[in-house]
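# Analysis of the macromolecular model
The primary structure of each chain is shown beneath.
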Amino acid sequence: MNWRSVPFSAWIGIAGLAIAFGCAVFAPFIAPYGESEIVGGVWELPAWSGGTFLLGTDNLGRDLLSRLIYGARTTIFVAAAATLLAFSFGVLLSFTAAVLKGWTDQALSRLNDLMMAIPTLIFALVVLAVLPQQLWILILVMAVLDSTRVFRLGRAVATDIVAMDFVEAARLRGERTSWIIFREILPNALSPLLAEFGLRFAFAILFLSTLSFLGLGIQPPAADWGGMVKDNKDGIIFGVSAALIPGTAIAFLAVCVNLVVDWLLNRTASLKGGRA
Amino acid sequence: MAEDLLRVRDLKIEAEMHTPGETARMLTIVEGVSFDLPKGRVLGLIGESGAGKSTIGLSALGYGRGSVRITGGEVTLGGTQLVGLSQRGLRRLRGAKVCYVAQSAAAAFNPAFRLGDQIVEAALKHGILTRAQAHERAAGLFRTLGLPDPESFGRRYPHQVSGGQLQRAMTVMALLPSPDLIVFDEPTTALDVTTQIDVLVAIKRAIEETHTAAIYVTHDLAVVAQVADDIMVLRHGKTVEYGPVAQVMESPREDYTRRLVSMRHREKPQAPDQSDRLLTVDHVEAGYSAVKVLDGVSLHLPKGQTLAVVGESGSGKSTLARVITGLLPPRHGRITFKGRELPARLDARSKEQLRQIQMIYQMADTAMNPRHTIGDILGRPLTFYFGLRGAKKATRVKELLGAIELPEHFAGRYPAELSGGQKQRVAIARALAAEPEVILCDEPTSALDPLVADGILKLLQKLQAETHVSYLFITHDIATVRAIADSVAVMHRGRLVRFGPKDQVLSPPFDDYTDLLLKSVPEMRIGWLEEVRDARRMAAAGN
């Protein structure tokens, strides 16, 4: 790969993701204070307004910067894991439906419609309220809910590709369904799927934030960006900007992911090895 | 000497190329093209795809597709300079002084409006005719072009008429405002031969009666010889040869033109012994849901020979291939391969049975996975059928590339980096990699330029001589049949009309359909169209 061909916008995205991942991995070394260590008064002003802490403190007097750095861990890990799982389920099932057609397709597609008919948030709230509050269950629920969207896209893309002669040629050769799905269809469906991945990842962060905001996501005292917005939301009424800082971090991460995905999209959609 | 209607001088046309991550650059499409077109004459533009012939045709309307721009030279139509003319000025000319007939009338007509309303639109917009006059004139032109029910034809919708009729309706649309110039862009390329001849006769008659000038763009020299007065042969955007039709056809000066003219005259001698039956199709009937596409078709393919299946679109020839491969199990009848009956369904066949029957598609673009390299595409059947891996596989891939006359380093390339002819060669190599007994070829040359197609046919024959593979070759082109076949099957509306050794099928006495089919193939000589037209008139009068 030629590094010089990487556009400037992609570099911004890569740099942003590197910072976020760096924070997540090296949190204990970078963070000036502990994750739930109370270091000062409630809602102290950030450094640019004359406070002693760089980003100020939160509603319990914890250092906001430290919590932001620790929060990157849970937020990125849960969102990434949920999105990857959602894509694995969604792509596998939708491609199977598109290749096998007939009853398999009908059964999977109608089941998917059924799932999509229930509002996502309410579904998640009900399921999470019933199930024990563990991280892997949270990830799984998010993944299953998101995979319905991936299924729709995947099936639409795959039905187009299945109609191509090269898939028929593979069938005539006697290839198995798994070969047709992973070797013939998947490489050609990569562009739209990647674009969707960027979007879904951003949505997963927001969804996790929403769940945390409602008290069903990451449990305190563990930090996560959405939970931080919730903790500090009351400050907004008093003109305290503490809630806006984790909010900005969420927006920043979402933008960075999409900058990188846009660039990958351009690369995979280019002529060489692209679909004509 | 009549005043020249259209004068083109040193035309240069460029297009902007955008590659992701690079700055845009200009690509020259046409360079240094000059010609004159007086009123009442027809200029034929001929060349391969990418030769710039359509682009030149459209430049007479001052139009460029997409980012295509006229960047040099002059185009003068009836004293008006088109290069640099404002959009408003161009709009005044288009549809009034100069009209355009597109290749695919089916795509060019709006399916939501009646034909008549679309046909008169340009003339009304320019205020040339009133609505009543326009419809009256349209009805007259429908009659001239031999369309059914001329009075009510205009009330039909595009989907209610056939492809050939639609193409003629488009010609009526172009003729209606009595323009000085009409640009025909491959008007018969998408049609069957038997339909093409009707459209050609109609176009020729319309040009003769209205004394309009025309530019006729096509890749088929035999077609252009029938309608044009002058011919310009183009290659890579430059003029190869330009002159009166008789001179270009009968004493071409350039080697490229000579190759174009002589190409259709190849003929393969028929194999003498056709008794060794490798593949037999026995009373097959097949179809999709309620539609019966194949009806009682029986034929057989001798070992090491070529059986050509000829027919128009909708004759069931491609369906026959699908039945043989097992993609479409027949309702009745059976298929026997090497004396044993083949299971009807694809998934009931063994790997060995699948290996022995391979397929080549019409569109090599879609027949190969664009995300696999040529090496992967050729290597997969080797691994799948013979378990070859690593160095052995690489060696065999190189051998295959050698067999199809492509360099070894192509193994690392992607299909999009190859030309149309090269792609089709790779598709042949993929079929060959399985070391099959039979290769089903579904119109493998019809999407290719004539010279490239000729190269593919030669390659197929060379491979047959080396490996004794049999071909079932589906085509709609009689010249292709002559060039490669040992035996011929003629199909019409799902039935087998005629089947036997080539010499027998293609010599009289003929049945009605084969006669029509053979006589509809344009011959590469001037005056052929008139002969056929007159012969048909006589026959019609005789009845």
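The name an unreviewed UniProt entry assigns to chain B is ABC transporter ATP-binding protein, from the organism Antarcticirhabdus aurantiaca.

An unreviewed UniProt entry lists chain A under the name ABC transporter permease, from Antarcticirhabdus aurantiaca.

### What about the packing of helix α14 (residues 374-386) of chain B against helix α16 (residues 420-433) of chain B?
Residues and elements named next belong to chain B. Close contact between α14 and α16 brings their axes to 9 Å; oriented N to C, the two are set at 15 degrees. Judged on the interaxial angle alone, α16 and α14 are roughly parallel. For α14 against α16, the interelement crossing comes out right-handed. Across the interface between the two elements, I374, I377, L378, P381, L382 and F386 of α14 pack against V426, A429, R430 and A433 of α16. A per-class count over the contact of α14 with α16 returns nine nonpolar, no polar and one charged.

### Focus: the pairing of strand β1 (residues 4-17) of chain B
Residues and elements named next belong to chain B. For β1 and strand β2 (residues 25-38), the ladder comprises 10 bridges, and the chain directions are antiparallel. Within β2, the residue paired with I13 across the bridge is V30. The sheet contact formed by β1 and strand β4 (residues 68-77) spans eight bridges and is antiparallel. Among the inter-strand pairings, V8 is bridged to a residue of β4, identified as V75.

### A short note on the sheet that holds strand β11 (residues 277-288) of chain B
All names here are of chain B. If you walk across this open sheet you meet the four strands as β12-β11-β14-β15, and the pairing is antiparallel. The sheet is open, and its two borders are formed by β12 (291-302) and β15 (340-341), each paired with just one other strand. Across two bridges, the pairing between strand β14 (residues 332-337) and β15 is antiparallel. Bridge pairing in β15 places F337 opposite R340. Running at roughly 110 degrees to β11, helix α11 (residues 317-325) makes contact with β11, β12 and β14 of the sheet.

### Considering the state of the cysteines
Cysteine pairs can be linked by a disulfide, which is a covalent bond between their two sulfur atoms. Counted according to the given criterion, the structure contains zero disulfides over all chains. In this model C256 of chain A remains outside any disulfide bridge; the closest cysteine sulfur is found in C23 of chain A, 12 Å from its own.

### A few points about the interface of chain A and chain B
Listed as interface residues are 23 residues of chain A and, on the opposing side, 24 residues of chain B. Taken over both partners, the interface formed by chain A and chain B buries close to 2,200 Å², and the fraction arising from carbon and sulfur atoms is 59%. Seen at the junction of chain A and chain B, the total is two salt bridges. Among the ionic pairs, E168 of chain A bridges to R322 of chain B, the shortest N-O distance being 3.2 Å. Our enumeration of links across chain A and chain B arrives at 11 residue pairs in polar contact (both at pLDDT 80 or more). Listed by contribution, the elements that provide at least two residues to the side of chain A that touches chain B are α7 (165-173) and α8 (177-213) of chain A. When its residues are assigned to classes, the side of chain A that touches chain B shows seven nonpolar, seven polar and nine charged.

Definitions and cut-offs
- Residues numbered from 1 in each chain as written.
- Chains lettered and ligands numbered in written order.
- Predicted model: local features only at pLDDT ≥ 70, side-chain atom pairs only at ≥ 80, totals over all residues.
- Heavy atoms only, no water.
- Axes fitted to C-alpha atoms, helices over the stretch in contact; angles between N-to-C directions.
- Helix = DSSP H or I, 4+ residues; strand = E, 2+ residues; numbered from the N terminus.
- Parallel < 35°, antiparallel > 145°, perpendicular 65-115°, else oblique.
- Left-handed = near helix turned anticlockwise from the far one by under 90°.
- Contact = heavy atoms within 4.5 Å.
- Nonpolar A, V, L, I, M, F, W, Y, C, P; charged D, E, K, R; others polar.
- Pairing = 2+ DSSP bridges.
- Disulfide = S-S within 2.5 Å.
- Buried area = accessible area lost by both parts, 1.4 Å probe.
- Salt bridge = Lys/Arg side-chain N within 4 Å of Asp/Glu carboxyl O.
- Polar contact = N/O pair within 3.5 Å; in protein donor to acceptor, adjacent residues only side chain to side chain.

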